[in-house]
Amino acid sequence: MADKLDSILDDLLERWHHFKSGYQLAKGYGSSDATCRDFSTPTHWDWQNGAMDKHEEKVRMQGVDRALTRVPNTPEPWNTVLQFEARNLASAAMVWTSPRLPKGEELEILRMEARTRAILELQREGCMSR
């Protein structure tokens, strides 16, 4: 059962990272007009091309974002651990680290605590069943 929860959490973290990285603060012109950015066409016009799936994924990732935002960063940097784990899962390699995080066994303990808190928040939000 623990393996199943871990794989579900890994999947949600990876998808959450892709969802959050959709907007990057940068200089230059935006890819969409600020007045029309939140507009979306009615999904019943484009259901054959996956509009409903895209909408469902957006709603699910908004719930995951709300849940993971509630994971605190004090007294331990649990939220930072989750963000770097999500980035590593999205890149399919354990290459991203933070100078804020400890090393070795202490990091593994912190990682387990952060994942436990994330699972509890995701269950409270309804993104993960018990």
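Please refer to the structure higher up on the page.
Bear in mind the structure is a predicted one, so any value in this text is a computation, not a measurement.

Novice: What exactly am I supposed to notice about the overall build of the protein here?
Specialist: When helices and strands are counted, the protein shows 4 helices and 0 strands. Helices (α) and strands (β) of the protein occur, in sequence order from the N terminus, as α-α-α-α. When each of the 130 residues of the protein is scored for burial, the buried share is 26%. Entry remark: accessible area of the protein is about 9600 Å², with carbon and sulfur atoms responsible for 54%.

Novice: In this structure, what is going on with the packing of aromatic side chains? I would like to understand it.
Specialist: To describe a pair of aromatic rings, you give the distance between the ring centres and the angle between the ring planes. Enumeration according to the criterion identifies 0 aromatic pairs in this entry. Sitting over the face of the ring of F84, R87 holds its NZ or CZ atom 5.7 Å from the ring centroid. Here the basic side chain of R117 rests over the ring of W78, its NZ or CZ set 3.7 Å away from the ring centre.

Novice: How should the pattern of salt bridges be read in this particular structure?
Specialist: Side-chain pairing between opposite charges can occur once the charged atoms of the two side chains come close. Counted under the stated rule, the structure contains 13 salt bridges. Linked through salt bridges whose partners overlap, the residues forming this network are D6, D10, E85, E108, R111 and R115.

Novice: Can you help me understand the nonpolar core in this one?
Specialist: The biggest cluster of nonpolar side chains holds 21 residues, and the ones touching the most others in it are L9, L13, W16, V64, L68, L82 and L122. Within the residue set of this core, elements represented by two or more residues are α1 (2–20), α2 (51–69), α3 (78–91) and α4 (105–125).

Novice: So what exactly am I meant to see when it comes to the side chain of S98 here?
Specialist: Note on placement: S98 falls in the loop between α3 and α4. Within the structure, the side chain of S98 is placed 3.1 Å from the backbone nitrogen of R100, a separation counted as a polar contact. Residues within four places of S98 in sequence aside, it is in contact with T80, F84 and K103.

Novice: Mind showing me how you'd approach the environment of E108 here?
Specialist: With respect to the helices and strands, the residue E108 is situated in helix α4. Exposure remark for E108: the relative accessible area of 39% places this residue in the partly exposed category. On a C-alpha basis, the gap between E108 and V81 in space is 9.9 Å, while along the polypeptide they are 27 residues apart.

Novice: What exactly am I supposed to notice about the layout of surface pockets here?
Specialist: To find leftover empty space, a probe the size of one water molecule is rolled over the atoms. A volume near 300 Å³ is recorded for the second largest pocket. Residue lining of the second largest pocket: 13 residues in total, with W16, H17, K20, Q83 and R87 positioned closest to the centre. Put simply, the parts of the chain that give the lining of the second largest pocket at least two residues each are α1, α2 and α3. Counting residues per element, the lining of the second largest pocket draws most heavily on α3, which supplies 5 residues. In terms of residue class, the lining of the second largest pocket is built from 4 nonpolar, 6 polar and 3 charged.

Conventions adopted
- Residues numbered from 1 in each chain as written.
- Predicted model: local features only at pLDDT ≥ 70, side-chain atom pairs only at ≥ 80, totals over all residues.
- Heavy atoms only, no water.
- Helix = DSSP H or I, 4+ residues; strand = E, 2+ residues; numbered from the N terminus.
- Buried < 20%, exposed > 50% of the residue type's maximum accessible area, 1.4 Å probe, protein only.
- Areas by Shrake-Rupley, 256 points an atom, 1.4 Å probe, with all protein chains shown as cover.
- Phe/Tyr/Trp six-rings, centres within 6.5 Å; stacked < 30°, edge-to-face > 60°.
- Lys NZ or Arg CZ within 6 Å of the ring centre and 35° of its normal.
- Salt bridge = Lys/Arg side-chain N within 4 Å of Asp/Glu carboxyl O.
- Core = buried A, V, L, I, M, F, W, Y, C linked by side-chain atoms within 4.5 Å.
- Polar contact = N/O pair within 3.5 Å; in protein donor to acceptor, adjacent residues only side chain to side chain.
- Contact = heavy atoms within 4.5 Å.
- 1 Å grid on protein atoms, 1.4 Å probe; cavity = no way out; pocket = protein on both sides within 12 Å on 5 of 7 lines; lining within 4 Å.
- Points joined across faces, edges and corners; volume = space filled by probe spheres on them.
- Nonpolar A, V, L, I, M, F, W, Y, C, P; charged D, E, K, R; others polar.

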